[in-house]
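Okay, here's what each chain looks like letter by letter:
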Amino acid sequence: MTMTSKMNDQATQDAYQGDITKQDLTRMAVNPGALGMEYSWNYPKQMSVPFCLMLNPLLKKIYKNDPKGYSEALQRHLEFFNITMYFAPFVGGVVASMEERVAKGEMAPEAINQVKAALMGPLSGIGDSLFLGTLRVIAAAVGISLAVNGNPFGPIAFLLIYNIPTFLTRIIGAHKGYELGVSFLTKAQESGLMDKVIYAAGIIGVMVIGAMTVTMTSVSIPIEFGQGESVQTIQSVLDGILPGMLALIALGLYYWALSHKVSPMVLIIITMVVGVLGAFTGVLA
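Residue numbers run consecutively from 1 along every chain, following the written order of its sequence. Totals for whole chains, interfaces and linings use every residue, but because this is a predicted model, local features are given only for residues with pLDDT of at least 70 and side-chain atom pairs only at 80 or more, for both listing and counting. In computing side-chain properties, one takes all heavy atoms of the structure into account and sets aside hydrogens as well as water.

Caption draft 1: Representation of the overall build of the protein chain within the structure. Comment: elements are numbered from the N terminus, with helices defined as DSSP H or I runs of at least four residues and strands as E runs of at least two. Assigned secondary structure in the protein chain consists of twelve helices and two strands. In sequence order, the secondary structure elements of the protein chain are arranged as α-α-α-α-α-α-α-α-α-β-β-α-α-α. Partly exposed residues are those whose accessible area sits between 20% and 50% of the maximum for their type, while under 20% is buried and over 50% is exposed, using a 1.4 Å probe and protein chains only. Looking at the protein chain as a whole, 33% of its 285 residues are labelled buried. Contact definition: two residues touch when any of their heavy atoms are within 4.5 Å. Long-range contacts, defined as pairs at least 24 residues apart, comprise 66% of the intrachain contacts of the protein chain with a sequence gap of at least 6.

Structure, rendered in structure tokens:
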């Protein structure tokens, strides 16, 4: 056994010295909160409720003699959260290890939401591409090819190809997240590396948001001007200046409104009204 593997084994052993056990993490990875990430979703805070539900059994153990600390932890994890669902248990494992340190007074509670926010963007970018954009397509292709040839194993093949890797990711991720949180986060904070990690993850998150803003926002101004062969639309002029300009402006307006405490539900209603009126009058398409 090499020195590196010995150090990894020691770190793993040290990780499970608290109240949280491997069985607790496995159950967390497949409990109703973890499996219901997409079914307890809401617009203002997205996956906050199922994430809190996923963590709740661990929080009860960590704060079993501290009702106030337990209540504060629940409030902490009802803040905005959104991620590719299969990586949620990994974040849950990291958070559980940090909550143990918060309960002992070894870490500031604010650090937990900072780490959660830093992990959401990068892991979502990886997870959406890997699981939703790649694995699901491969599984569907195999299942459909079998089904069209009359093979009843087609649907089963799809479910197995897609679900076995995702469930392994949930369970292994929960354990690795907890071990990482215990063995790495404290040293990272002391050395200042955590600030750099959060900063780098924030840059990646902003890049992901920028890409999603352009690709997932569909708005254009089809109004034409000019005569004959010189007719062009306002949208073509805007694209010539900066492609995706309207999406960027919309993002800026939403960011400004949210920073001024405008309710997300109000913004959704305004967006629907503007979209319907714009399409009806021909100003927007």
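Caption draft 2: Fine view of the packing of aromatic side chains. Only Phe, Tyr and Trp rings are paired, with Trp represented by its six-membered ring, and only when their centres lie within 6.5 Å; those with planes under 30 degrees apart are stacked, over 60 edge-to-face, the remainder tilted. Counted according to the given criterion, the structure contains five aromatic pairs. An angle of 35° between the planes, with centres 4.2 Å apart, marks the rings of F51 and F81 as tilted. Of the two residues, F51 is situated in helix α4 (residues 48-62) and F81 in the loop between α5 (67-76) and α6 (88-103); the sequence distance between them amounts to 30 residues. Across the pair, F81 and F51 agree in class, each one buried. Ring geometry for F87 against F131: centres 5.8 Å apart, planes inclined by 70°, an arrangement best described as edge-to-face. Of this pair, F87 sits in the loop between α5 and α6 while F131 is found in helix α7 (residues 110-148), placing the two residues 44 residues apart along the sequence. Overall, the relative accessible area of 14% leaves F87 in the buried class. An aromatic cluster is defined as three or more aromatic residues linked by ring pairs; in this entry it consists of Y86, F87, F131, F158 and Y162.

Caption draft 3: Region of interest: unusual backbone geometry. One non-glycine residue, Q46, adopts positive backbone phi at about 55°. Position of Q46 among the secondary structure elements: in the loop between α3 (32-35) and α4.

Caption draft 4: Structural view of the nonpolar core. Core analysis: the biggest nonpolar cluster contains 40 residues, and F51, I83 and V91 have the highest contact counts within it. Looking at this core, the elements with two or more residues in it are α2 (22-29), α4, α6, α7 and α8 (154-191). Among residues more than four places away in sequence, those in contact with I83 are M47, A88, V91, L119, M120, L123 and S124. Take the buried residues of types Ala, Val, Leu, Ile, Met, Phe, Trp, Tyr and Cys, join any two whose side-chain atoms come within 4.5 Å, and each joined set is a nonpolar core.

Caption draft 5: Just the packing of α6 against α7, in detail. The convention used is that axes are lines fitted to C-alpha atoms, helices contributing only their stretch in contact, and that angles between N-to-C directions extend from 0 to 180 degrees. In contact at an axis separation of 10 Å, α6 and α7 are set at 170° when each is read in the N-to-C sense. With respect to α7, the element α6 is oriented roughly antiparallel. In this structure, α6 crosses over α7, and the sense of that crossing is right-handed. Across the interface between the two elements, F90, V91, V94, V95, M98, E99 and V102 of α6 pack against A111, I112, V115, K116, L119 and L123 of α7. Here roughly perpendicular refers to angles of 65 to 115 degrees, roughly parallel to angles under 35, roughly antiparallel to angles over 145, and oblique to all remaining angles. In this scheme, a crossing is called left-handed if the near helix is turned counterclockwise away from the far one by less than a right angle; it is called right-handed if the turn is clockwise.

Caption draft 6: Molecular detail of a nonpolar patch on the surface. A surface patch of nonpolar side chains, about 800 Å² in accessible area, is lined by I209, I223, F225, I234, V237, I241, L242, L248, L251 and V283. Those elements giving two or more residues to the nonpolar patch turn out to be α10 (234-241) and α11 (245-259). Considering each element in turn, the nonpolar patch owes the most residues, three residues, to α10. Mapped onto the fold, L248 is located in helix α11. A relative accessible area of 49% means that L248 is categorised as partly exposed. The patches reported here contain residues having more than 30% relative accessible area and no salt bridge. Joining distances are 9 Å for like charges and 5 Å for nonpolar side chains (Val, Leu, Ile, Met, Phe, Trp, Tyr). Note that accessible areas follow from Shrake-Rupley with a 1.4 Å probe, and for residues the cover is restricted to the protein chains shown. By salt bridge we mean one thing: a side-chain nitrogen of Lys or Arg within 4 Å of a carboxyl oxygen of Asp or Glu.

Caption draft 7: Just the side chain of T84, in detail. Its location among the elements puts T84 in the loop between α5 and α6. Look at T84 and you get buried, because its relative accessible area is 4%. Looking at T84, its side chain comes within polar contact range of the main-chain oxygen of S124, at 3.3 Å. Within the structure, the side chain of T84 is placed 2.7 Å from the side chain of D128, a separation counted as a polar contact. Apart from residues lying up to four places away in sequence, T84 is in contact with L123, S124, G127, D128 and F131. In protein, a polar contact means a hydrogen-donor-capable atom and an acceptor-capable atom, both N or O and within 3.5 Å, with residues adjacent in sequence counting only if both atoms are side-chain atoms; elsewhere, any N or O pair within 3.5 Å suffices.

Caption draft 8: Inspection of the confidence of the model for the protein chain at higher detail. Per-residue confidence from the predictor is given as pLDDT, running between 0 and 100. Across the protein chain, the average pLDDT comes to 85, with 86% of residues at 70 or higher. Below a pLDDT of 50 lies the segment residues 3-7, which in the model reaches one contact outside its immediate sequence neighbourhood of four places, other chains included.

Caption draft 9: Geometry of the packing of α11 against helix α12 (residues 264-281). Look at α11 against α12: their axes get within 10 Å of each other, and the N-to-C directions meet at 145°. Between α11 and α12 lies a crossing whose hand is right-handed. Counting all contacts with α11, which are made through Y254, A257 and L258, the residues of α12 involved are P264, L267 and T271. Throughout this entry, Asp, Glu, Lys and Arg are counted as charged residues, while Ala, Val, Leu, Ile, Met, Phe, Trp, Tyr, Cys and Pro are counted as nonpolar. The remaining residues, Gly among them, count as polar. Per-class residue counts for the contact of α11 with α12 are five nonpolar, one polar and no charged.

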